[in-house]
Amino acid sequence: MSAVSRANWQIHFCVILWGFTAILGKLISLDTLSLVWWRLLLVAGALVLVPRFWRGLSALPPRLIAIYAGIGMVVALHWLAFYGSIRLANASVAATCLALSPVFLAFIEPFLVGRRFDVRELLFGLAAIPGVALVVGGTPTTMRLGVAVGVLGALLVSVFASLNKRYIGHSDALAVTGLEMGAGLLLITLISAAMAPDTVFVLPTVRDATLLAVLAMGCTLLPFAVSLAALRHVSAFSATIALNMEPVYAIVMAIVLLGEQRELSPSFYLGVAIVLAAVFLHPWLVRHPVNAAAAADRPDPGKSGSV
């Protein structure tokens, strides 16, 4: 199996695990700040016990340490937006908003990674707009703020995915994950200390602690490290295309496990279908480039992500 094929399988494996995060976020009774704080604490705490993390950390120059720390803060803010969207709307809405991240990536990745803007990605992004309108129109008025927060979460995904793609290079994936989680933990600790110390820094119930352990280890640490390694061989845009299976998994699980179909109208699901159809057109567009020059502008997915 080629490095690119293996990386694509790794990304899809991560997507399956990430599909459970919205469901777990709905099932855990902690508030948003507390949930994100415990998730970061468990992942960072597990990584500091791994000798490979310290070896990889010692090999990183100070500049990269600072960059990864900054990216980790963006990741933490994304989680706040994602779980905030779940609390303000529901798991289906939060997961659907993630499908908008390739629309933002069409603009953000060329700027951050350093490749030429591709007009085909702009067109596919515009094609998703009618679906977005239907998604918003298909949610109750009380959930509209949750949609807005979910869209912010999608924007933050596009930012940290592009930055990870640019700077991952040959850095150890566990070291990068630990740095990003640790920096995110520091940021959320400062926010929590200022806003809600009485509700964040408390022990969760046994049920919540069990769900948090599954969320942190099985749906965060493992897929985050694997996806960073895979990003060496695929573009952030291609990885995010695969990521758009996450809302499909999450919505199906939300219907089966949480009965959320009763909260949303048929136009919501029609909008989801349009957004996902627009997103999945991208692989076909890549296989049918407009011209050779446009194809040449795209980065070689088999090369390192350090651009």
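Our structure's up above, just so we're on the same page.
All of the points below concern the structure found in this document. All figures in this text were calculated on a predicted structure; none of them were measured in a lab.

A separate point is the overall build of the protein chain. If you tally the helices and strands in the protein chain, you get 17 helices and zero strands. Here the protein chain holds 307 residues, and the buried ones make up 53% of them. As displayed, the protein chain offers around 12900 Å² of accessible surface, 74% of which is attributable to carbon and sulfur atoms.

This part takes up the packing of helix α6 (residues 91-98) against helix α15 (residues 245-258). Orientation of α6 relative to α15, taken along the N-to-C sense of each, is 175°, at an axis distance of 8 Å. One element, α6, and the other, α15, form an angle in the roughly antiparallel class. Across the interface between the two elements, A91, S92, A95, T96 and L98 from α6 touch E246, P247, A250, I251, A254 and L258 from α15. Of the residues assigned to the contact of α6 with α15, the class counts are eight nonpolar, two polar and one charged.

A full pass over the atoms with the stated rule returns two salt bridges. With a closest N to O distance of 2.7 Å, D172 and R52 form a salt bridge. Highlighted residues: D172 in the loop between α10 (144-167) and α11 (173-195) and R52 in helix α4 (residues 51-58), separated in sequence by 120 residues. Across the pair R207 and D208 runs a salt bridge, and its minimum N-O distance is 3.6 Å.

Quick look at the environment of G178 now. You can see G178 is positioned in helix α11. For G178, a relative accessible area of 9% corresponds to the buried category. It is 9.9 Å that separates the C-alpha atoms of G178 and V50, two residues lying 128 residues apart in sequence. Discounting residues that sit within four places of it in the chain, G178 has contacts with L47 and F53.

Attention now moves to the side chain of T177. Note that T177 resides in helix α11. Looking at T177, its side chain comes within polar contact range of the main-chain oxygen of A173, at 2.8 Å. The contacts of T177, once residues within four sequence positions are left out, are L47, L221, F224, A225 and L228.

Before going further, it helps to spend a moment on a nonpolar patch on the surface. On the surface, F107, F117, V119, L123, L126 and I129 cluster together to form a nonpolar patch covering roughly 570 Å² of accessible area. Tallying contributions element by element places helix α8 (residues 119-127) first for the nonpolar patch, with three residues. Here I129 shows up in helix α9 (residues 129-137).

The next thing to look at is the packing of helix α5 (residues 62-88) against α6. Remark: α5 packs on α6, axes separated minimally by 7 Å, with the N-to-C direction vectors making an angle of 140°. Judged by the angle between their axes, α5 and α6 are oblique. Side by side, α5 and α6 meet where H78, F82, S85 and I86 of the first sit next to A91, V93, A94, A95 and L98 of the second. Broken down by class, the residue content of the contact of α5 with α6 amounts to seven nonpolar, two polar and no charged.

Ring pairs (aromatic) are described by centroid distance and by the angle formed between their planes. Enumeration according to the criterion identifies five aromatic pairs in this entry. Where W37 meets W38, the ring centres are 5.1 Å apart and the plane angle is 85°; that geometry is what we call edge-to-face. Side by side, W37 and W38 carry an identical accessibility label, which is buried. Arranged with centres 5.1 Å apart and planes meeting at 90°, the rings of F268 and Y269 form a pair that is edge-to-face. A residue is classified by how much of its surface remains accessible, and F268, at 0% relative accessible area, is buried. Each residue in the set W37, W38 and F201 is aromatic and connected to the rest through ring pairs, giving one cluster. Of note, R39 hangs over the ring of W79, and the distance from its end group to the ring centre comes to 3.8 Å.

Each value, and the rule that gives it
- Residues numbered from 1 in each chain as written.
- Predicted model: local features only at pLDDT ≥ 70, side-chain atom pairs only at ≥ 80, totals over all residues.
- Heavy atoms only, no water.
- Helix = DSSP H or I, 4+ residues; strand = E, 2+ residues; numbered from the N terminus.
- Buried < 20%, exposed > 50% of the residue type's maximum accessible area, 1.4 Å probe, protein only.
- Areas by Shrake-Rupley, 256 points an atom, 1.4 Å probe, with all protein chains shown as cover.
- Axes fitted to C-alpha atoms, helices over the stretch in contact; angles between N-to-C directions.
- Parallel < 35°, antiparallel > 145°, perpendicular 65-115°, else oblique.
- Contact = heavy atoms within 4.5 Å.
- Nonpolar A, V, L, I, M, F, W, Y, C, P; charged D, E, K, R; others polar.
- Salt bridge = Lys/Arg side-chain N within 4 Å of Asp/Glu carboxyl O.
- Polar contact = N/O pair within 3.5 Å; in protein donor to acceptor, adjacent residues only side chain to side chain.
- Patch = residues over 30% accessible without salt bridge, like charges linked within 9 Å, V, L, I, M, F, W, Y side chains within 5 Å.
- Phe/Tyr/Trp six-rings, centres within 6.5 Å; stacked < 30°, edge-to-face > 60°.
- Lys NZ or Arg CZ within 6 Å of the ring centre and 35° of its normal.

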